[in-house]
Amino acid sequence: PPQQRQDTPDTGTTTFRSTVKVVLAPTTVMDRYGNVIGGLNVTDFKLYDNDKLQRLSTDVSFHPISIVVAIQANSTVSEILPKIQKIGSVIGDMVVGGNGEAAVLAFDHRMRVIQDFTNDSAQISDAFKKVKPGSSTSAMIDAVQYSINMLRKRPDDHRRIVLLISETGDKGSEGHVREVLDAAQIYNIVIYSVNISHVVSLLTDKGMPPAPSPIPPTATVGHPGAPMTPTTISQNRDLGNFVPAFVEIFKAAKGIFVSNPAEVLTRFTGGREYSFIKQEALESDLVHLGQELHNQYLLSYQPNNLSEGGYHKIQVVVDRPDLEVRTRPGYWKATEPGN
């Protein structure tokens, strides 16, 4: 939920306190074959916050999309970039849509805005063609934070999306996953990723190997593996193992190391991961992403259990057992002073 940032004078650390008590839960509904389902009404949904049924306060409606496409553009992916350079028209036509807007960001150790927000498909396509490989660094976490800073200035009635096209790991960021999750939660930003195969990038890399990360590995996040359950949040797969790691990111020092930032950022903002090797798979993933975004339901509510601090689990169900539902699996609520 939107919150107010406060700096702690003694330590210089940053905490967040809730001010506007509204939670947004972008929700995707699919059939058993993975087809996105539109046309449902708000009465078709039930939403639970920490197992407490909530009253949905807004109807299902469409909002224009503001999206930042953040592209890893370093020496490691130099042989893969030609595939990425060809997808600008797909982004403009299938993902952005008629009323939306996109910006294109390329990153290695630098953040290079190739194209600021525009609705012009030709400009978006041209920007992708201008993405060139750079150094051996890929500051992915910093790139997502930079994207969030761009999106926070967009109109309040827009859905704010980050599309990350990169490897799943990070090389050289100064920021941390906790800070990015904080910011994404505050500004209701959903993160999607199209993952570049690490095996392919290693085989095609012509650059020098990067320097070791200066951040010691103090913790890791595991990988999910359990199957999806119909009518429940597919992002909640294996949450019994994953949620504790998510909670530790917020409770521990902000320098906590995460081995797969892309998985954490997508899963806990309500997005999803795609992956590709061939051009056809990349374009197909983007078409599917466009279908999802343009048939997504924006559920919002004022929690009736705000006195509960810490992690709040969100669960959305629909009345039809043949449908699967994905939304953000939860959010972090700082305990109010005195509680």
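Keep in mind that this is a model prediction, so the values were computed, not measured.

*Asks:* I keep staring at the overall build of the chain and nothing clicks. Help me out?
*Replies:* Of the regular secondary structure elements, the chain holds nine helices and 15 strands. Within the chain, the fraction of its 339 residues that count as buried is 52%. Carbon and sulfur atoms make up 51% of the accessible area of the chain, which totals about 14800 Å².

*Asks:* Just checking my understanding: could you explain the pattern of salt bridges for this structure?
*Replies:* A side chain of one charge can pair with a side chain of the opposite charge if their charged atoms are brought near each other. Enumeration according to the criterion identifies 11 salt bridges in this entry. A salt bridge links K313 to D51, with the nearest nitrogen and oxygen atoms 3.5 Å apart. Of this pair, K313 sits in strand 13 (residues 310-318) while D51 sits in the loop between strand 4 (45-49) and strand 5 (52-54), and the two are 262 residues apart along the sequence. Taking relative accessible area as the criterion, D51 reaches 54% and is therefore assigned exposed. Note that R110 is salt-bridged to D108, the shortest N-O span being 2.7 Å. For D108, a relative accessible area of 0% gives the class buried. In this structure, a network of salt bridges that share partners links the residues D108, R110 and R112.

*Asks:* Where do I start with the sheet that holds strand 13 in this structure?
*Replies:* Read from one edge to the other, the open sheet built from four strands follows the order 5-4-13-15, with strand pairing classed as antiparallel. The strands lining the two open edges of the sheet, one partner per strand, are strand 5 and strand 15 (330-333). Across this sheet, the average inter-strand angle for adjacent strands is 30 degrees, counted without regard to direction. Two elements, strand 4 and strand 5, share three bridges in a ladder whose sense is antiparallel. Bridge pairing links D49 to K52 in strand 5.

*Asks:* Which parts of the structure should I look at to understand helix 4 (residues 140-151)?
*Replies:* An α-helical turn contains 3.6 residues, so any two residues separated by three or four positions project in the same direction. The end-to-end C-alpha separation of helix 4 is 17 Å, in line with the 16 Å expected for 12 residues at 1.5 Å each. The element helix 4 is extensively covered by neighbouring structure, given that nine of its 12 residues are classed as buried. Residues of helix 4 that are buried: M140, I141, D142, A143, V144, S147, I148, M150 and L151.

*Asks:* Sorry if this is basic, but what is going on with the sheet that holds strand 9 (residues 159-166) here?
*Replies:* Working definition: the strands of a sheet are paired by backbone hydrogen bonds and lie parallel or antiparallel to each other. Here six strands make up an open sheet; going across it, the order is 8-7-6-9-10-11 and the pairing mixed. Every interior strand has two partners, whereas the edge strands, strand 8 (111-118) and strand 11 (273-276), have only one. Across the sheet, the mean angle separating the axes of adjacent strands is 15 degrees when strand polarity is ignored. In this structure, strand 9 lies alongside strand 10 (residues 189-196), joined through seven bridges in parallel fashion.

Calculation criteria
Residues numbered from 1 in each chain as written. Predicted model: local features only at pLDDT ≥ 70, side-chain atom pairs only at ≥ 80, totals over all residues. Heavy atoms only, no water. Helix = DSSP H or I, 4+ residues; strand = E, 2+ residues; numbered from the N terminus. Buried < 20%, exposed > 50% of the residue type's maximum accessible area, 1.4 Å probe, protein only. Areas by Shrake-Rupley, 256 points an atom, 1.4 Å probe, with all protein chains shown as cover. Salt bridge = Lys/Arg side-chain N within 4 Å of Asp/Glu carboxyl O. Pairing = 2+ DSSP bridges. Axes fitted to C-alpha atoms, helices over the stretch in contact; angles between N-to-C directions. Expected span 1.5 Å × (residues − 1).

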